[in-house]
Amino acid sequence: MKVPDFDRLEKNIIDVVKEEQIKLGYQKEVIRLYYPLSSLNHYLKTEADVDGMNVILKDFCDREKNTLGSIEVSNEKERFCFCLSEEVSVYVNEHTPGDGFLYDLIEEISRHPANLNDIIALFYKYSERVHVERAEHGEFDILIYFEDGQPDGFMYCLTDEGGGHIIYHRYTREDYEDLDLE
């Protein structure tokens, strides 16, 4: 069995909680995150089935008590729920920067009217190595990401819903590839 990459899953949890805190403001609260088995296998670099993933995640939760705080994991078939204690939201608030790319992206998208060209320019503000691709499949308008994963390793799918309203979804490369949009 492969050794799970707990650091990568921990980073994703922190990133998702931080994204929520940027959008909604910090609050000491319980948070629930949901992951399909395939995504967990991507993050952990494993190939576990549901039973194997439950064993792996028990070890992950034991490990995280000393860093993030208490996490409880449950599942229904291949869908896993991470119940993050208030300690996790406090940890993320106290141990992550209060500025940077994601802050700027959310601020730019929140402007009304938002503009895809301004959002693309924001990516280039942070790096010269940006991949921008117009989507042909109709699921979203633009795929954009930092080619070297710096300062952010996610792949962003942007949709202009008209009237200056732009939404985004962000995926790891592996989860994006699982979408099979070609």
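One can find the structure itself at the top, above this paragraph.
Enquirer: Whenever I open this one, helix α3 (residues 50–64) confuses me. Can you help?
Expert: Given 3.6 residues per helical turn, the α-helix brings residues three or four places apart onto the same face. Its 15 residues give α3 an end-to-end C-alpha distance of 20 Å, which sits within 8% of 21 Å, the value for a rise of 1.5 Å per residue. Elements in contact with the buried residues of α3: α1 (6–24), α2 (37–44), β2 (71–76) and β3 (79–84). Two or three places before aspartate 51, at the opening of α3, aspartate 49 has a side-chain oxygen 3.3 Å from that residue's backbone nitrogen.

Enquirer: Would you explain the pairing of β3 in this entry?
Expert: In summary, the side chains of a regular strand alternate between the two faces of the sheet. Across the six residues that make up β3, a large majority, five, are buried. The pairing of strand β1 (residues 31–36) with β3 spans six bridges and is antiparallel. Looking at the pairing, proline 36 lines up with arginine 79 of β3. Summarising the sheet, β2 and β3 pair through six bridges and their orientation is antiparallel. Bridge pairing in β3 links serine 74 to cysteine 81.

Enquirer: Even after reading the chapter, I still don't get the side chain of asparagine 12, so can you show me in this structure?
Expert: Checked against the element boundaries, asparagine 12 lands in helix α1. Residue asparagine 12 is classed as buried on the basis of its relative accessible area of 3%. When near neighbours in sequence (up to four residues on either side) are disregarded, asparagine 12 contacts Tyr35, Tyr43 and Phe154.

Enquirer: Looking at this model, I keep getting lost on the layout of surface pockets. Mind explaining?
Expert: One way to see where empty space is left: roll a probe the size of a water molecule over the atoms. Estimates place the volume of the largest pocket at around 580 Å³. If you go around the largest pocket, you meet 26 residues; those closest to its centre are Lys11, Asp15, Pro151, Asp152 and Phe154. Looking at the lining of the largest pocket, the elements with two or more residues in it are α1, α5 (101–110) and β7 (166–171). Residue composition of the lining of the largest pocket, grouped by class: ten nonpolar, seven polar and nine charged. The space that makes up the second largest pocket amounts to roughly 410 Å³. Lining of the second largest pocket is provided by 18 residues; of these, Asn12, Val16, Glu19, Phe154 and Arg170 occupy positions nearest its centre. At the level of secondary structure, the elements contributing two or more residues to the lining of the second largest pocket comprise α1, β1, α2 and β7. Class assignment of the residues belonging to the lining of the second largest pocket gives a composition of nine nonpolar, four polar and five charged.

Enquirer: Got a minute to help me understand the pattern of salt bridges in this structure?
Expert: In total, this model carries 14 salt bridges according to the counting rule given. Among the ionic pairs, lysine 45 bridges to aspartate 5, the shortest N-O distance being 3.8 Å. Residue lysine 45 is located in the loop between α2 and α3, and its partner aspartate 5 is located in the segment before α1; the two are separated by 40 residues in the primary sequence. By relative accessible area, which is 22% here, aspartate 5 ends up partly exposed. For lysine 23, the salt bridge identified is with glutamate 19, shortest N-O distance 3.5 Å. Taken together, the residues lysine 23 and glutamate 19, both in helix α1 and four residues apart, mark about one turn of the helix. Taking relative accessible area as the criterion, glutamate 19 reaches 12% and is therefore assigned buried. Taken together, the salt bridges that share partners define one network made up of Glu19, Lys23, Asp152 and Arg170.

What counts and what doesn't
Residues numbered from 1 in each chain as written. Predicted model: local features only at pLDDT ≥ 70, side-chain atom pairs only at ≥ 80, totals over all residues. Heavy atoms only, no water. Helix = DSSP H or I, 4+ residues; strand = E, 2+ residues; numbered from the N terminus. Expected span 1.5 Å × (residues − 1). Contact = heavy atoms within 4.5 Å. Polar contact = N/O pair within 3.5 Å; in protein donor to acceptor, adjacent residues only side chain to side chain. Buried < 20%, exposed > 50% of the residue type's maximum accessible area, 1.4 Å probe, protein only. Pairing = 2+ DSSP bridges. 1 Å grid on protein atoms, 1.4 Å probe; cavity = no way out; pocket = protein on both sides within 12 Å on 5 of 7 lines; lining within 4 Å. Points joined across faces, edges and corners; volume = space filled by probe spheres on them. Nonpolar A, V, L, I, M, F, W, Y, C, P; charged D, E, K, R; others polar. Salt bridge = Lys/Arg side-chain N within 4 Å of Asp/Glu carboxyl O.

Remember that the coordinates give geometry; whether it matters functionally is a separate question.
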